[in-house]
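# Residue-level structural notes
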Amino acid sequence: MIENKKKPNPIDIHVGSRIRLRRTMLGMSQEKLGESLGITFQQIQKYEKGTNRVGASRLQNISSILNVPVSFFFEDAPGEQASGPAGFAEASSSNYVVDFLSSSEGLQLNRAFVKIADPKVRRRIVDLVKALAAEADTE
């Protein structure tokens, strides 16, 4: 039993990883998020690892600072009930997105892409990437 107390809860780990994902997507440091909450970056590290549980009011503050709904932190959480095949397909799809955005290239692309103001230019970039991916498939 004592070992269980030292092992983080899977939900706390998941919520922490989602905090880290969103924070890095925005290019925000742990220090900056901690400052906004009035806590240390070490506390943010503990939240992100799941070592410390995030309280409801603190999670509400974090969601506000990171500009996402609180539900964002629970998407694809362990133990979530999938509602048939469609739910399963969506979970795989969003796991792919999380994996992509967790990579260095994914983060760089995301940060650069959101800075492009012209929607037509963004559409052309998406078309270019699709064309390059299609070329890679035929080789």
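Please read all numbers here as calculations on a predicted model, not as lab measurements. (Residues numbered from 1 in each chain as written. Predicted model: local features only at pLDDT ≥ 70, side-chain atom pairs only at ≥ 80, totals over all residues. Heavy atoms only, no water.)

Before going further, it helps to spend a moment on the pattern of salt bridges. Applying the stated criterion across every chain, the model contains 4 salt bridges. Of the charged contacts in the structure, one is a salt bridge between arginine 53 and aspartate 12, with a shortest N-O distance of 2.9 Å. A residue pair is termed long-range when its members are at least 10 positions apart, and arginine 53 in the loop between helix 4 (41-49) and helix 5 (56-65) and aspartate 12 in helix 2 (residues 10-25) qualify at 41 residues. A relative accessible area of 58% places arginine 53 in the exposed class. (Salt bridge = Lys/Arg side-chain N within 4 Å of Asp/Glu carboxyl O. Helix = DSSP H or I, 4+ residues; strand = E, 2+ residues; numbered from the N terminus. Buried < 20%, exposed > 50% of the residue type's maximum accessible area, 1.4 Å probe, protein only.)

This part covers helix 8 (residues 119-138). Because each turn of an α-helix spans 3.6 residues, side chains separated by three or four positions in sequence point in the same direction. With 20 residues, helix 8 should cover 28 Å at 1.5 Å per step; its first-to-last C-alpha distance of 29 Å lies within 8% of that length. A distance of 2.8 Å separates the backbone nitrogen of lysine 120 from a side-chain oxygen at the start of helix 8, and that oxygen is part of aspartate 118. (Expected span 1.5 Å × (residues − 1). Polar contact = N/O pair within 3.5 Å; in protein donor to acceptor, adjacent residues only side chain to side chain.)

In this section: the layout of surface pockets. It is a probe the size of a water molecule, rolled over the atoms, that shows where empty space is left. The space that makes up the largest pocket amounts to roughly 290 Å³. In terms of lining, the largest pocket is formed by 10 residues, of which the most central are Leu109, Phe113, Ile125, Val126 and Val129. Those elements that place two or more of their residues in the lining of the largest pocket are helix 6 (85-102), helix 7 (104-114) and helix 8. Of the residues assigned to the lining of the largest pocket, the class counts are 8 nonpolar, 1 polar and 1 charged. (1 Å grid on protein atoms, 1.4 Å probe; cavity = no way out; pocket = protein on both sides within 12 Å on 5 of 7 lines; lining within 4 Å. Points joined across faces, edges and corners; volume = space filled by probe spheres on them. Nonpolar A, V, L, I, M, F, W, Y, C, P; charged D, E, K, R; others polar.)

Before going further, it helps to examine the packing of helix 3 (residues 30-37) against helix 4. Direction vectors running N to C along helix 3 and helix 4 enclose 105°, while the axes themselves pass 8 Å from each other. With respect to helix 4, the element helix 3 is oriented roughly perpendicular. Contacts between helix 3 and helix 4 involve Gln30, Glu31, Leu33, Gly34 and Leu37 from the former and Phe41, Ile44, Gln45 and Glu48 from the latter. By residue class, the composition of the contact of helix 3 with helix 4 is 4 nonpolar, 3 polar and 2 charged. (Axes fitted to C-alpha atoms, helices over the stretch in contact; angles between N-to-C directions. Parallel < 35°, antiparallel > 145°, perpendicular 65-115°, else oblique. Contact = heavy atoms within 4.5 Å.)

Grouped together as the largest cluster of nonpolar side chains are 18 residues, with contacts concentrated most on Ile19, Leu33, Ile62, Leu66 and Phe73. Among the secondary structure elements, those contributing two or more residues to this core are helix 2, helix 3, helix 4 and helix 5. With 4 residues, the single largest contributor to this core is helix 2. With residues near it in sequence (within four places) discarded, leucine 66 still touches Ile19, Arg22, Arg23, Leu26, Met28, Leu33 and Phe73. (Core = buried A, V, L, I, M, F, W, Y, C linked by side-chain atoms within 4.5 Å.)

Inspection of the entire model under this criterion finds 1 aromatic pair. An angle of 85° between the planes, with centres 5.5 Å apart, marks the rings of phenylalanine 72 and phenylalanine 73 as edge-to-face. Its relative accessible area of 12% is what places phenylalanine 72 among the buried residues. One residue, arginine 18, lies across the ring of phenylalanine 72, its end atom 4.1 Å from the ring centre. (Phe/Tyr/Trp six-rings, centres within 6.5 Å; stacked < 30°, edge-to-face > 60°. Lys NZ or Arg CZ within 6 Å of the ring centre and 35° of its normal.)

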